[in-house]
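Below are the chains, spelled out letter by letter.
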Amino acid sequence: MSRGTLGLTVLEVGADGVGVITIIHPPVNSLSFDVFNSLKESFEEALRRDDVKAIVVTGANGRFSGGFDISVFGKIQGGTVRPKRGYVAIEMLTDTLEAARKPSVAAIDGLALGGGLEVAMVCHARISTPNAQLGQPELQLGVIPGFGGTQRLPRLVGLTKGLEMILTSKPVKGEEACSLGLVDAVVSSNELLNTARQWALDILEGRRPWVASLYKTDKIEPLGEAREIFNFARSQTKKRAPDLEHPLVCIDVIEEGIVSGPRAGLWKEAEAFEHLVLSDTAKSLIHVFYAQRGTSKVPGVTDRGLVPRRVKKVAILGGGLMGSGIATALVLSNYPVILKEVNEKFLDAGVNRVKANLQSRVRKGQMTQEKFEKTLSLLKGVLDYESFRDVDLVIEAVIENVSLKQQIFADLEKYCAPHCILASNTSTIDLNLIGERTRSQDRIVGAHFFSPAHVMPLLEIVRTKQTSPQVIVDLLDIGKKIKKTPVVVGNCTGFAVNRMFFPYTQAALLLVEHGVDVYQIDRAVVKFGMPMGPFRLCDLVGFGVAAATGMQFIENFPERTYKSLIIPLMQEDKRAGETTRKGFYVYDDKRKARPDPELKNYIEKARSISGVNIDPKLVKLPMKDIIEMVFFPVVNEACRVLDEGIAVKAADLDISAIMGMGFPPYRGGIMFWADSLGSKYIYSRLEEWSKSYGEFFKPCSYLAARAAKDIPLSVPMELVKSRL
Ligand SMILES: C[C@H](O)CC(=O)SCCNC(=O)CCNC(=O)[C@H](O)C(C)(C)COP(=O)(O)OP(=O)(O)OC[C@H]1O[C@@H](n2cnc3c(N)ncnc32)[C@H](O)[C@@H]1OP(=O)(O)O
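All values reported here derive from a predicted model rather than from experimental measurement.

**Quick notes on the overall build of the protein**
Along the backbone of the protein there are 31 helices and 19 strands. A compact globule built from 724 residues should have a C-alpha radius of gyration of about 27 Å, and the protein, at 28 Å, falls within 12% of that. With the C-alpha coordinates of the protein rotated into their principal frame, the extents come out at 90 × 65 × 60 Å. Every one of the 724 residues in the protein was classed for burial, and the buried ones make up 57%. Nonlocal contacts in the protein, meaning residues at least 24 apart in sequence, comprise 72% of its contacts between residues at least 6 apart. Carbon and sulfur atoms form 54% of the exposed surface of the protein, whose accessible area is close to 30600 Å². Between the averaged position of the 91 positive side-chain charges in the protein and that of its 83 negative side-chain charges there is a distance of 1 Å.

**Considerations on the UniProt feature "domain: 3-hydroxyacyl-CoA dehydrogenase NAD binding" (unreviewed entry) in the protein**
Residues given the UniProt feature "domain: 3-hydroxyacyl-CoA dehydrogenase NAD binding" (unreviewed entry) here are residues 313-491. Between the end C-alpha atoms of residues 313-491 there is a gap of 26 Å, over a span that is 40% helix and 21% strand.

**Details of the pattern of salt bridges**
Applying the stated criterion across every chain, the model contains 41 salt bridges. Its salt-bridge partner being E628, residue K624 comes within 3.3 Å of it at the nearest N-O pair. Remark: E628 and K624 occur in helix α26 (residues 623-643); sequence separation between them is four residues, near one turn of the helix. One salt-bridge network, held together by shared partners, links R499, E559, R560, E637, R640 and E644.

**As for empty space enclosed by the protein**
Counting across every chain of the model gives two cavities of 30 Å³ or more. Looking at the largest cavity, its volume works out to about 80 Å³. Forming the walls of the largest cavity are F502, P503, F557, R560, P633, N636, E637, R640 and F696. Counting only elements with at least two residues in the lining of the largest cavity, the list comes to α19 (497-513) and α26. When residues of the lining of the largest cavity are assigned to their parent elements, the largest contribution, four residues, is made by α26. Residue composition of the lining of the largest cavity, by class: five nonpolar, one polar and three charged. There is about 40 Å³ of room inside the second largest cavity. The set of elements that each furnish at least two residues to the lining of the second largest cavity consists of β13 (393-396), β15 (444-449) and α18 (469-481).

**Considerations on the UniProt feature "domain: 3-hydroxyacyl-CoA dehydrogenase C-terminal" (unreviewed entry) in the protein**
Here, UniProt's "domain: 3-hydroxyacyl-CoA dehydrogenase C-terminal" (unreviewed entry) annotation points to residues 494-587. Segment residues 494-587 splits into 61% helix and 3% strand. End C-alpha atoms: 30 Å apart.

**A short note on the pairing of strand β3 (residues 54-59)**
In terms of residue burial, β3 counts as a mostly covered element, since six of its six residues are buried. Across the two faces of β3 the burial is the same, with A54, V56 and T58 and I55, V57 and G59 all buried. By the bridge criterion, six bridges tie strand β2 (residues 18-24) to β3 in an arrangement that is parallel. From the neighbouring strand, I23 faces β3, where its bridge partner is G59. Taken together, β2, helix α1 (residues 33-48) and β3 form a β-α-β motif whose crossover is right-handed. Bridging between β3 and strand β4 (residues 104-108) involves four bridges; their strand directions are parallel. When the sheet's bridge partners are listed, I55 is paired in β4 with S104.

**Overview of a positive patch on the surface**
Residues R63, R293, K297 and K480 make up a contiguous surface patch of positive charge. Its location among the elements puts R293 in helix α12 (residues 280-294).

**Observations regarding α19**
Spanning 17 residues, α19 covers 25 Å between terminal C-alpha atoms, matching the ideal 24 Å at 1.5 Å per step. G515 sits one or two residues past α19 and shows a positive phi near 120°.

**A short note on the sheet that holds β3**
With mixed pairing, the six strands of this open sheet are ordered in space as β1-β2-β3-β4-β6-β9. Strands at the two margins of the open sheet, each flanked by one partner only, are β1 (8-13) and β9 (185-186). In the packing of α1 onto the sheet, contacts are made with β1, β2, β3 and β4, and the angle to β1 comes to roughly 20°.

**What about the site of the ligand?**
Taken together, 27 residues surround the ligand, and among them G115, E118, E138, R293 and K297 come closest. Interatomic distance of 2.9 Å between a backbone N/O atom of F68 and an oxygen atom of the ligand. At 2.7 Å from an oxygen atom of the ligand is found a side-chain nitrogen or oxygen belonging to R293. Protein contacts shield 76% of the accessible area of the ligand, which totals 980 Å² for the unbound molecule. If you list the elements that add at least two residues to the shell around the ligand, you get α2 (70-78), β5 (111-113), α4 (115-122) and α12. Of the residues forming the shell around the ligand, the biggest block, three residues, is contributed by α12. A per-class count over the shell around the ligand returns 14 nonpolar, six polar and seven charged.

**Description of helix α3 (residues 87-98)**
With twelve residues, α3 should cover 16 Å at 1.5 Å per step; its first-to-last C-alpha distance of 14 Å lies more than 12% under that length. Counted residue by residue, α3 has nine buried out of twelve residues, so it is predominantly covered. Taken together, the buried positions of α3 are V88, A89, I90, M92, L93, T94, T96, L97 and E98. On its buried face, α3 is in contact with α1, α4, α5 (149-157) and α11 (262-276).

**Regarding the sheet that holds β5**
A sheet is described by the order of its strands in space; here three strands give the open sequence β5-β7-β8, paired in mixed fashion. Of all the strands in the sheet, the pair left with one neighbour each is β5 and β8 (172-173). Of the strand pairs in this sheet, strand β7 (residues 133-135) and β8 are connected by two bridges, and their pairing is antiparallel. The residue of β8 that forms the bridge with L134 is V172. Strand contacts of α4: β5 and β7, with the helix running at about 95° to β5, the strand carrying the most contacts.

**Some thoughts on the pairing of strand β11 (residues 337-340)**
Neither face of β11 is left uncovered, since the one carrying V337 and L339 and the one carrying I338 and K340 both have all their residues buried. Judged from the four bridges that link them, strand β10 (residues 314-317) and β11 form a sheet pairing that is parallel. The partner of A315 across the bridge, within β11, is I338. Bridging between β11 and strand β12 (residues 379-382) involves four bridges; their strand directions are parallel. If you follow V337 over to β12, its bridge partner there is L379.

**Regarding the environment of P336**
Within the fold, P336 resides in the loop between α13 (321-332) and β11. As for P336 and G494, which are separated by 158 residues in sequence, their C-alpha atoms are 30 Å apart. The contacts of P336, once residues within four sequence positions are left out, are K312, K313, V314 and L378.

**Focus: a nonpolar patch on the surface**
Judged by side-chain polarity, L540, V541 and V545 come together as a nonpolar surface patch covering roughly 240 Å² of accessible area. For L540, the position within the fold is in helix α21 (residues 534-541). The exposure class of L540 is partly exposed, given its relative accessible area of 45%.

What counts and how
Residues numbered from 1 in each chain as written. Predicted model: local features only at pLDDT ≥ 70, side-chain atom pairs only at ≥ 80, totals over all residues. Heavy atoms only, no water. Helix = DSSP H or I, 4+ residues; strand = E, 2+ residues; numbered from the N terminus. Rg over C-alpha atoms; globule rule 2.2 N^0.38 Å. Buried < 20%, exposed > 50% of the residue type's maximum accessible area, 1.4 Å probe, protein only. Contact = heavy atoms within 4.5 Å. Areas by Shrake-Rupley, 256 points an atom, 1.4 Å probe, with all protein chains shown as cover. Lys, Arg positive; Asp, Glu negative; His and termini not counted. Charge placed at Lys NZ, Arg CZ, Asp CG, Glu CD. UniProt positions renumbered as here; feature names shortened; annotations may be inferred. Salt bridge = Lys/Arg side-chain N within 4 Å of Asp/Glu carboxyl O. 1 Å grid on protein atoms, 1.4 Å probe; cavity = no way out; pocket = protein on both sides within 12 Å on 5 of 7 lines; lining within 4 Å. Points joined across faces, edges and corners; volume = space filled by probe spheres on them. Nonpolar A, V, L, I, M, F, W, Y, C, P; charged D, E, K, R; others polar. Pairing = 2+ DSSP bridges. Right-handed = clockwise from strand over helix to strand, strands pointing away. Patch = residues over 30% accessible without salt bridge, like charges linked within 9 Å, V, L, I, M, F, W, Y side chains within 5 Å. Expected span 1.5 Å × (residues − 1). Axes fitted to C-alpha atoms, helices over the stretch in contact; angles between N-to-C directions. Near = heavy atom within 4 Å. Polar contact = N/O pair within 3.5 Å; in protein donor to acceptor, adjacent residues only side chain to side chain.

Quick look at the structure:
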């Protein structure tokens, strides 16, 4: 047995002559250097000992391994750890484990991801359970598989599938892995170890093949064909992620192995990995990995030892777009749901929306007909509150009308059990106001979903000063169960995401009125990595929604509102965005957007009414400046949100921006990106623009204070106080 502080492996030798090496590093058995060193020692011991004839590698507590220990990336980036090139991939895995004179079999339960799968692939066979997940998700972290995965996976499953698995980062489950040739047999968890032991002995005695996957060639196409596959993958990758370097490097590395042989491929992989791990993209994506997990750690709430209560049944009020989307998300995660509407017609429409959402999954092959029936049977439509007595959570998703919501919450208090959580999906109305006519303030909470609610990954959990920590812990748990990333925020107009969205749209409108081309802004923003520009998004959301949300901000934050007339003028002409086929763009039958030459008339009219002149400096504004003028006001607002305590930490705003606004994850989120540019720089730019274009750009006091001492925006306040 070898021990390390960051995990270890244990070798146990059975009477059958099989040495079982177990990776132990909770919670996911990640592979730190301690684990690797211990793995090498355990292996060498197994090879030395005469009572060991064959080896099985497995992971403790039903998880093979979640891959290389991601926390080590930070140490490599910080220069405190400098791994020797090729040490793990070549010296250890290839020349010690794969080349061993005793056969080894990987017994995979739970997870074999990244480095975990790479360890499994150097074994001479793999047995997995049906639910095991096997994959190479490294590209999601801005790196490539670095322990031989680029070479072995394509040799086991074929080039096309290997490229697909690596480029999409999507894992496959046991059965599929078996049909692809990635694993050799699928058995239940109970049978896993015994089957793997026997398999290892069978290899030893020649009853099963002894395969070194690095040298397999039977699934690799002839060179000409392989090159075509690589070129196709390159062109698809460039289309999907034009700004990212690492997916293309990954294709080059795989190709090197096919063209020059797998050992050359391993060396190229090692070299590329070393370079990529230090890239800004990897730093950003690794930050996002931790930030995403950090959203469910809320000081004063999740550190009290509270256990989430079991939510057995949920009721939803309102079967509109939001209500039906939320219902879909819940039934998809096996929650029985009651959907309440005010009359049969609306109820039918609501239920049909849920049905359509589920049917679209069946059409896309993501759900069987049988599962569809079963999932839909979890939904029950009702017209009154009678069946609300045994629900544990209600989510109100009716129209944004204060008195209606107040009435609903007063009714809920009468009909629901005292423990039932009373949540509202409001995106604008103060929760204190909504609960004014109840005495249930401690169980009133916001559950703000984003449309379409069954697709968008973010859930804002909005707490008031009275919301009990238990209710927040319960909602965090439900959020995770329905596969959302929950972010806990304070109660204010717009919460975190809409607070950031508002200046984004406003800045874009301000620029247009001062002379920047609408389409140039959208192009710059898309080039920056957003899924679409602010104007295309306005068209998609519809001017009605955009204007209604805008009004909330104008009322609440008048001093920093830029009042553009472009949208109201278009609305006067019955242009409302994509639904009317005319907005900032015009749309054809297939909803394809084209620039509209008539748009300039509205812009000119808006300018003349508001007395705004074209600024020659802005007419040919470079891309970089467009991005800064659109996003620095967002940074400014994010600073206010943090300063007011609406968000708990900067990383939560990074996740809110990525999942709620579509901010490019490879830039690490809004605050992470801002810190890469520096608070001083952002402050000086905003200050300069506020002189030319008004209060809208005025840097807030949080930003000013940080800039004065050049302190990063994301450093927590407690750590900053002494420096300010
Ligand atoms: C050279 C090599 O090719 C490079 C690599 O191997 S890179 C690593 C590749 N592996 C990955 O990308 C897997 C990343 N992990 C995951 O996707 C998910 O954590 C998982 C599917 C393994 C488990 O998911 P889930 O059960 O929901 O638990 P989750 O909350 O995500 O993780 C549990 C804890 O394990 C940690 N963790 C997960 N994977 C980790 C890893 N590879 N390294 C270090 N910590 C890890 C998480 O940070 C979290 O810590 P916390 O409790 O302190 O917040």
